[in-house]
Amino acid sequence: MRPMLGLVLSASLISCASADVRQKAPTNADAAVIAEFMKHVDEYMALHKKLESTIPALPKDASPQQIDQHQRALGRLIEQNRAGAKRGEIFTPGMEQIARKLLADIFRGPGGTQMKREIFEEYQERDIKPVVNGRYPDEIPLSTVPPGVLAGLPKLPAELEYRFLGTNLILLDPHAHIIADFVERAIP
Amino acid sequence: MRVRCLSSWAPVCALVAIVCCASVAPAGPATVTSAEAARAPRAVAAAPAQDLELPNKPDSLKFAVIGDNGNGEKRQYDIAEQMANWHGRFPYELVVMMGDNIYGSERPQDFIKKFEAPYKPLLDAGVKFYASLGNHDAREQRYYKNYNMEGKLYYSFKAPKQDVRFFALESTYPEPEQIEWFRKELEGSNEKWKICFWHHPLYSSARTHGSETRLRASLEPLLIKNNVSLVLNGHDHVYERIKPQNGIAYFVVGSSGQLREGDLRQGSPLTAKGNDRDNTFMLMEINGDELTFVAIDRGGKVFDSGVIKPRQPAK
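Residues numbered from 1 in each chain as written. Chains lettered and ligands numbered in written order. Predicted model: local features only at pLDDT ≥ 70, side-chain atom pairs only at ≥ 80, totals over all residues. Heavy atoms only, no water.

Moving on to the overall build of chain A. The helix and strand tally for chain A stands at six helices and five strands. What you see in chain A, going N to C, is helices and strands ordered as α-β-β-α-α-α-α-α-β-β-β. Taken across its 188 residues, chain A has 56% of its residues classed as buried. Look at the contacts in chain A between residues 6 or more apart in sequence, and 67% of them connect residues 24 or more apart. A total of about 8,200 Å² of accessible surface is found on chain A, and carbon and sulfur atoms cover 54% of it. (Helix = DSSP H or I, 4+ residues; strand = E, 2+ residues; numbered from the N terminus. Buried < 20%, exposed > 50% of the residue type's maximum accessible area, 1.4 Å probe, protein only. Contact = heavy atoms within 4.5 Å. Areas by Shrake-Rupley, 256 points an atom, 1.4 Å probe, with all protein chains shown as cover.)

This part takes up the pairing of strand β12 (residues 271-275) of chain B. Residue and element names in this part refer to chain B. Within β12, five of the five residues are buried, which leaves it mostly tucked inside the rest of the structure. Bridging between strand β10 (residues 239-245) and β12 involves four bridges; their strand directions are antiparallel. Within β12, the residue paired with E240 across the bridge is G274. (Pairing = 2+ DSSP bridges.)

Take the pairing of strand β5 (residues 178-183) of chain A next. All names here are of chain A. For β5, the tally of buried residues reaches six of six residues, placing the bulk of the element in the interior. Here strand β4 (residues 168-173) runs beside β5; their pairing, made up of five bridges, is antiparallel. The partner of L171 across the bridge, within β5, is D181. Between β4 and the antiparallel strand that follows it, β5, lie four residues; H177 among them carries a positive phi value of about 55 degrees.

This part covers the confidence of the model for chain B. All names here are of chain B. In this model, chain B carries an average pLDDT of 86, and 83% of its residues clear a pLDDT of 70 or more. Note on residues 1-50: pLDDT under 50 across the span, and 129 contacts to partners over four residues away in sequence or across chains. Reported confidences for the modelled complex are a pTM of 0.84 and an ipTM of 0.80. (pLDDT = per-residue confidence, 0-100.)

Right, let's talk about the environment of L270 of chain B for a bit. Residue and element names in this part refer to chain B. Position of L270 relative to the elements: it lies in the loop between β11 (248-253) and β12. The buried category is assigned to L270, whose relative accessible area is 17%. Linking L270 and Y250, residues 20 residues apart in sequence, is a C-alpha distance of 10.0 Å. In contact with L270, not counting residues within four places along its chain, are Y203, S204, S205, S211, E240, R241, I242, K243 and Q245.

Turning next to the interface of chain B and chain A. Each side of the interface is counted separately: chain B has 31 residues, and chain A has 39 residues. Each partner contributes to the roughly 2,900 Å² buried at the junction of chain B and chain A, and carbon and sulfur atoms together form 53% of this total. When the shortest N-O distance is used, the salt bridge between K155 of chain A and E175 of chain B registers 3.9 Å. Summed over the shared surface of chain B and chain A, the result is twelve residue pairs in polar contact (both at pLDDT 80 or more). A per-element tally of the side of chain B that touches chain A places helix α2 (residues 108-116) of chain B first, with three residues. Looking at the side of chain B that touches chain A residue by residue, the class counts come to seven nonpolar, ten polar and 14 charged. (Buried area = accessible area lost by both parts, 1.4 Å probe. Salt bridge = Lys/Arg side-chain N within 4 Å of Asp/Glu carboxyl O. Polar contact = N/O pair within 3.5 Å; in protein donor to acceptor, adjacent residues only side chain to side chain. Nonpolar A, V, L, I, M, F, W, Y, C, P; charged D, E, K, R; others polar.)

Before going further, it helps to examine the packing of aromatic side chains. Residue and element names in this part refer to chain B. Under the counting rule described, the total for this entry stands at 20 aromatic pairs over all chains. Ring centres 4.8 Å apart and planes at 65 degrees place the aromatic pair F111 and Y144 in the edge-to-face group. Highlighted residues: F111 in helix α2 and Y144 in the loop between β5 (128-131) and β6 (155-158), separated in sequence by 33 residues. Under the relative-accessibility criterion, F111 is labelled buried at 2%. (Phe/Tyr/Trp six-rings, centres within 6.5 Å; stacked < 30°, edge-to-face > 60°.)

All names here are of chain B. For the structure shown, the criterion picks out 36 salt bridges over all chains. E150 is the partner of K152 in a salt bridge, and the nearest nitrogen-oxygen pair spans 4.0 Å. With a relative accessible area of 49%, E150 lands in the partly exposed category.

Turning to the side chain of N135 of chain B, a few remarks are in order. Relative to the elements of secondary structure, N135 of chain B occurs in the loop between β5 and β6. The class of N135 of chain B is buried, set by a relative accessible area of 1%. Here the side chain of N135 of chain B touches H235 of chain B through a polar contact of 3.3 Å, side chain to side chain. Beyond its immediate sequence surroundings of up to four residues, N135 of chain B is in contact with S143, T144 and R163 of chain A together with D100, T172, H199, H200 and H235 of chain B.

In structure tokens, the structure reads:
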């Protein structure tokens, strides 16, 4: 896990240079919400690591089949261990609100239209319903996440990524290809 | 040595006029010269059917550059066919990849369709591919044996026999840890040639993405301070040779499968040469103090070429 909380408070929600949108400094209330979000991220990562340690490690010279098998094996374990997981368990309502506000400011600001174009350049379908604790759809390309968006969101450990799936902001576990949680219709 | 085009593409092969460079001044710029340098920024003249000239010395480092290639479509296969054709005459030993190596789904069959099948002649010939990851790539690609990343998102490697070191970065999530690794790795490198590659371009005249100024602010001081001579990027689906910036040569090679026609801004002050009309790849050769490059399109035409000198430590 990377040192995050300090980064969260300093780097998140402060600036978005590429969109030239100035975000307000986080309030104490925002900081508490973000800290809660990161706590849930840490909990997810602890589970991820515990489960990953139970399956053979991926070799550094893996075949595509090995990568796929490893990914699916870990995915199954996570699905089983988080059975019943619901939307909002990581992206808490407070965090969802912060993320929506941030993304609305970015996408409605200068450069927002261009960023949307980049996000949907490889796959134009917007009306997709992700499934919490479900596998990321194989047939849908991974979206780009513009640097301006990444700079505004709390930093994640290397084992998790922000991606867009349709207009939804998802928290993707790329090792398992599992959607850990998502913010519905995050792109205005 | 002169390399003749022997394939069926011979009628469209082009003469590469490699122009000698000015001698290298201390801490001087990486000089890029070309017969067509600084002319029309995006014009791609149809070169006449001629021969290719590259030094093609036995002990030189020969390599290819591709980017944004892995869509599995005909254009990728066309470029791959050209790469194989050229390999027969110019036996490069490695290929560096600028990212977006596999577009769309990444199931085992996709690795075949979008990588192993098009580049099979090169893989069979023992050519090693060294990948960087693009914004559309799953991070698990770093474990794929044919990308030679050894499980790392960012890494460096030395050329087999020559005084050259390559540095591959992951530019989608350029975390402070990576930047610090990069700084140390550059400072610890004594090689004459330091060549860096990653996905997002620090300089680009393309409309779709353009220059990544945030990334530039993080990386460029390190490149300048540590005598990096050459930076290779992709992301924008065009070819662009950037006019040297702070003495460093930059190329955008993001059209080895994808292509965004007409995406280059005409008259951009950054552009030394561009091609947004066809898919492209590059061949490079380092022989002592000279790096010779050619850029080639789907028809096998060399439409850009030149020589780069290594940057030297300040005295």
